[in-house]
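# Working through the structure, step by step
Now for the letters of each chain:
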Amino acid sequence: MPNRLIDALSISHPIIQAPMAGGITTAELVTAVSEAGALGMIGAGYLDAESTRHQIHEVKAETDKPFGINLFVPSPYKEEKDIIQKAQLSLQPYLEKLGSLGVESAFTSYEQTLEIFYRQVNVVIEEQVRVCSFTFGMPSSDVIHSLKQAGIYTIGTATTLSEALAIEAAGMDAVVLQGSEAGGHRGNFLAGVEQSMIGLMALIPQTVDQVNIPVIAAGGIMDRRGVQAAQCLGAEGAQLGTAFLTCKESGANPLYKQAILEGQQEDKTTLTKAFSGKAARGIENDFIREMRKFEQELPDFPIQNTLTKSIRSAAAQHNDRNMMSLWCGQNPNLAEPITAQQLMHKLVDEA
Ligand SMILES: Cc1cc2nc3c(=O)[nH]c(=O)nc-3n(C[C@H](O)[C@H](O)[C@H](O)COP(=O)(O)O)c2cc1C
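The structure reproduced in this document is the subject of the present report. It should be emphasised that the depicted structure is a prediction, and the values quoted were computed from it without experimental measurement.

Rules behind the numbers
Residues numbered from 1 in each chain as written. Predicted model: local features only at pLDDT ≥ 70, side-chain atom pairs only at ≥ 80, totals over all residues. Heavy atoms only, no water. 1 Å grid on protein atoms, 1.4 Å probe; cavity = no way out; pocket = protein on both sides within 12 Å on 5 of 7 lines; lining within 4 Å. Points joined across faces, edges and corners; volume = space filled by probe spheres on them. Helix = DSSP H or I, 4+ residues; strand = E, 2+ residues; numbered from the N terminus. Nonpolar A, V, L, I, M, F, W, Y, C, P; charged D, E, K, R; others polar. Salt bridge = Lys/Arg side-chain N within 4 Å of Asp/Glu carboxyl O. Buried < 20%, exposed > 50% of the residue type's maximum accessible area, 1.4 Å probe, protein only. Pairing = 2+ DSSP bridges. Axes fitted to C-alpha atoms, helices over the stretch in contact; angles between N-to-C directions. Right-handed = clockwise from strand over helix to strand, strands pointing away. Expected span 1.5 Å × (residues − 1). Contact = heavy atoms within 4.5 Å. Near = heavy atom within 4 Å. Polar contact = N/O pair within 3.5 Å; in protein donor to acceptor, adjacent residues only side chain to side chain. Areas by Shrake-Rupley, 256 points an atom, 1.4 Å probe, with all protein chains shown as cover. Parallel < 35°, antiparallel > 145°, perpendicular 65-115°, else oblique. Left-handed = near helix turned anticlockwise from the far one by under 90°.

### Observations concerning the layout of surface pockets
Roughly 280 Å³ of internal volume is contained in the second largest pocket. Together, 14 residues line the second largest pocket, and Met1, Asn3, Pro14, Gln231 and Glu236 are the ones closest to its centre. For the lining of the second largest pocket, the element with the highest residue contribution is helix α9 (residues 224-232), accounting for 3 residues. Considering only residue class, the lining of the second largest pocket consists of 8 nonpolar, 4 polar and 2 charged.

### Let's talk about the pattern of salt bridges
Close approach of charged atoms allows side chains of opposite charge to pair. By the definition in use, this model includes 13 salt bridges. Among the ionic pairs, Glu297 bridges to Lys86, the shortest N-O distance being 3.9 Å. Placement of Glu297 in the loop between α12 (286-291) and α13 (303-307) and of Lys86 in helix α4 (residues 81-97) is noted, with a sequence separation of 211 residues between them. Close ionic contact of Lys346 with Glu336 constitutes a salt bridge, the shortest N to O distance being 3.3 Å. With Lys346 in helix α15 (residues 340-349) and Glu336 in the loop between α14 (309-317) and α15, this residue pair connects regions lying 10 residues apart in the sequence. Among the residues examined, Glu336 registers a relative accessible area of 32% and is labelled partly exposed. The network of salt bridges with shared partners includes Lys268, Glu284, Asp286, Arg289 and Arg292.

### Focus on the sheet that holds strand β4 (residues 131-135)
Ordered in space as β1-β9-β8-β6-β5-β4-β3-β2, the 8 strands form an open sheet in which the pairing is parallel. Two strands bound the open sheet, and with one partner strand each, they are β1 (15-17) and β2 (40-43). When strand polarity is set aside, the average angle formed by the axes of neighbouring strands in this sheet is 25 degrees. Examined bridge by bridge, strand β3 (residues 67-72) and β4 share 5 bridges and lie parallel to one another.

### Describing the pairing of strand β5 (residues 153-158)
Among the 6 residues in β5, 6 count as buried, and that is most of the element. Here β5 shows two buried faces, one formed by Tyr153, Ile155 and Thr157 and the other by Thr154, Gly156 and Ala158. Pairing of β4 with β5, which is carried by 3 bridges, proceeds in the parallel orientation. The residue bridging Ser133 from the neighbouring strand is Ile155, located in β5. Where the polypeptide runs from β4 across helix α6 (residues 141-149) and back to β5, its parallel neighbour, the crossover connection is right-handed. Bridge analysis of β5 against strand β6 (residues 174-178) gives 4 bridges, and the strand direction is parallel.

### A few points about helix α5 (residues 110-126)
Taking 1.5 Å per residue, 17 residues should reach 24 Å; α5 reaches 24 Å between its end C-alpha atoms and fits that length. Here the buried face of α5 lies against α3 (49-62), β3, β4 and α6. In the stretch just after α5, Gln128 is the one whose phi turns positive, near 50 degrees.

### A word on the site of the ligand
Taken together, 23 residues lie around the ligand, and Asn70, Gly220, Gln239, Gly241 and Thr242 are the ones closest in. Within the contact set of the ligand, a nitrogen atom lies 3.3 Å away from a backbone nitrogen or oxygen of Pro19. Residue Gly183 places a main-chain N or O atom 3.2 Å away from an oxygen atom belonging to the ligand. Here the ligand has 600 Å² of accessible area as a free molecule, and 95% of this is covered by the chains. For the shell around the ligand, the secondary structure elements donating two or more residues are β3, β9 (237-240) and α10 (242-245). Residue composition of the shell around the ligand, grouped by class: 12 nonpolar, 11 polar and no charged.

### Topic: the packing of α5 against α6
The relative placement of two packed helices is expressed as an angle between their axes plus a distance between the axes. Direction vectors running N to C along α5 and α6 enclose 15 degrees, while the axes themselves pass 10 Å from each other. Looking at the two axes, α5 sits roughly parallel to α6. For the pair α5 and α6, the crossing hand works out as right-handed. Touching Phe117, Tyr118, Val121, Val124 and Ile125 of α5 are Val143, Ser146 and Leu147, all from α6. The residue makeup of the contact of α5 with α6, split by class, is 7 nonpolar, 1 polar and no charged.

This is the structure:
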């Protein structure tokens, strides 16, 4: 079967290891995936330009196979003192529980975030990274144009048909369709999160009927059956996050990997804004349950993310998974503690 992703990206398998910002997509993981013939992706969402370049260099030092990078498109947000103070109060009990750590009070402004984003785009161009994908919105036409001029393959993230159409109209080369099953943050940018929770089974066919660029399916895909099902519905590629997260090369905290691998029967995943101010899917824990009453009045992303940073890192140090963010898709039962190469063998040969 002809496959436009395989042709355009010079890869052997139309499988993408999801970019997972926050230290999960280590150079080892990205390299192992690309060496196995799929597309490894660096999650650079939380990095500055210098660290972005450093991670690109780390991957380049290990492989000459194609790999990609993913950036967060900044959206305007305000620093509202009242809302921030309320959020700080709601977080106080957790700070005390973990031993009175100071809570971050210096926030990066929207303008600074935008500046960092533009610098990252320049780094991607200077370093000639093969693929650049985006989430949380669409980059400006100038950014898309500069990347395409430099020969870089651009991918947007959509959670609805309208978003996929907008990504295609903006001239991007492919679209990741993020189903409601997906782990991590929601990439919706045209409608609210409630209107943008569509399962992949419904989302893929309605999109491929109207969109001409290649569609890459993401959300709950863990094995060969999932990849084939997505292909059956018309997707040309599959992007897997949770499946790669528990791989040996991933930089996820061991406790986090264990939570996915061992908690499969009783733990359920849920959507929460409590950790970052933006809706994301993860394993439900005490922090999520207790913070639910504040969900409607939390500061925007990334302010809430900054506010909970010391809680999340102290919780990891105290081995307390009840206060860590455990992003995970709806299919943790199929996660395995194997190497990325073993996972690739299963994805490709299992049929
Ligand atoms: C821990 C984690 C971090 C993620 N970080 C990013 C990210 O930085 N950029 C992005 O575009 N998607 C990110 N995602 C979403 C993935 O791209 C993808 O939509 C999701 O993993 C698919 O669902 P699955 O986890 O069930 O495979 C993340 C997902 C997880 C689980």
